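Here are the chains, one letter per residue:
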Amino acid sequence: MKKILIINGPNLNLLGNRERNLYGETTLEKIKLLCEQHCKNNEIECTFFQSNHEGELIEKIHSANKDYDGIIINPAALTHTSIALLDALRATSKPKIEIHISNIYAREDYRRKSITSEAVNGIICGFGENGYILAIDAIKNIIYSKI
Ligand code: DQA
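Treat the numbers as computed from the prediction; the structure is a model and nothing was measured.

Chemist: Help me understand the site of the ligand in this model?
Modeler: Near the ligand, the surroundings consist of Arg18, Tyr23, Asn74, Ala76, Ala77, His80, His100, Ile101, Ser102, Ile104, Arg107 and Arg111. Contacts to the ligand include Arg18, whose side-chain N or O atom sits 2.9 Å from an oxygen atom. Backbone polar atom of Ala77 to an oxygen atom of the ligand: 3.2 Å apart, as the coordinates give it. For the ligand, whose unbound accessible area comes to 320 Å², protein coverage reaches 99%. When atoms are counted within 2 Å of each cavity's grid points, the one that captures over half of the ligand is the largest cavity. Of the residues contributing to the shell around the ligand, the split by class is five nonpolar, four polar and three charged.

This is how it looks when you write it as structure tokens:
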């Protein structure tokens, strides 16, 4: 069975309490269940991970080269700042999709630049929690079209 890694960056553990006007009422736990269910329906195994620490995120990305067939990542604020995360993503040859709950291109100037997206196959943003489902469908397509 194909395996994907879904990675979430800083402050996403606060979803449901945090800036609900932007990110909605849903919690990360609910998004995790949604993703697990959608992956199961698509016969994909998924690992759902969140950390507030850049180094932990980097190490998780490193693990993808041997343990996973693809990565979906919401790097949160590190999207706009982290060359280290960009380099880690570049160092994995597996397909990668970046996802954001909000439309980062309709927000503050400093969110309109995604450094990390330079290393991914594609980016999905502005569709709320449903973006995770779209990203699973997208990565499945990429993984299977490469066989
Ligand atoms: C976010 C957008 C980022 O700009 C922000 O720092 C986040 C969440 C999103 O999912 O919309 O923490 O990645």
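Additional details are given in the paragraphs that follow.
Chemist: Would you mind showing me how to read helix H2 (residues 28-41) here?
Modeler: In an α-helix, one turn spans 3.6 residues, which is why side chains three or four residues apart end up on the same side. Between its terminal C-alpha atoms H2 stretches 20 Å, which fits the 20 Å expected from 14 residues at 1.5 Å a residue. Of all the positions in H2, only Leu28, Ile31, Cys35, His38 and Cys39 are classed as buried. Buried residues in H2, looked at end-on, bunch into an arc of 100°, giving them a common side. Facing away from the buried side of H2, by more than 90 degrees, are the exposed residues Lys40 and Asn41.

Chemist: I tried to follow the state of the cysteines on my own but got confused; where do I start?
Modeler: The term disulfide refers to a covalent linkage connecting the sulfur atoms of a pair of cysteines. Under the defined criterion, the tally for this structure stands at zero disulfides. The closest cysteine sulfur to the non-disulfide-bonded Cys39 is located on Cys46, 3.8 Å from its own sulfur. Considering cysteine sulfurs only, Cys35 is the nearest to Cys125, which forms no disulfide, with 17 Å between them.

Cut-offs and rules
- Residues numbered from 1 in each chain as written.
- Predicted model: local features only at pLDDT ≥ 70, side-chain atom pairs only at ≥ 80, totals over all residues.
- Heavy atoms only, no water.
- Near = heavy atom within 4 Å.
- Polar contact = N/O pair within 3.5 Å; in protein donor to acceptor, adjacent residues only side chain to side chain.
- Areas by Shrake-Rupley, 256 points an atom, 1.4 Å probe, with all protein chains shown as cover.
- 1 Å grid on protein atoms, 1.4 Å probe; cavity = no way out; pocket = protein on both sides within 12 Å on 5 of 7 lines; lining within 4 Å.
- Sits in = over half its atoms within 2 Å of the grid points.
- Nonpolar A, V, L, I, M, F, W, Y, C, P; charged D, E, K, R; others polar.
- Helix = DSSP H or I, 4+ residues; strand = E, 2+ residues; numbered from the N terminus.
- Expected span 1.5 Å × (residues − 1).
- Buried < 20%, exposed > 50% of the residue type's maximum accessible area, 1.4 Å probe, protein only.
- Arc of directions from axis to C-beta.
- Disulfide = S-S within 2.5 Å.

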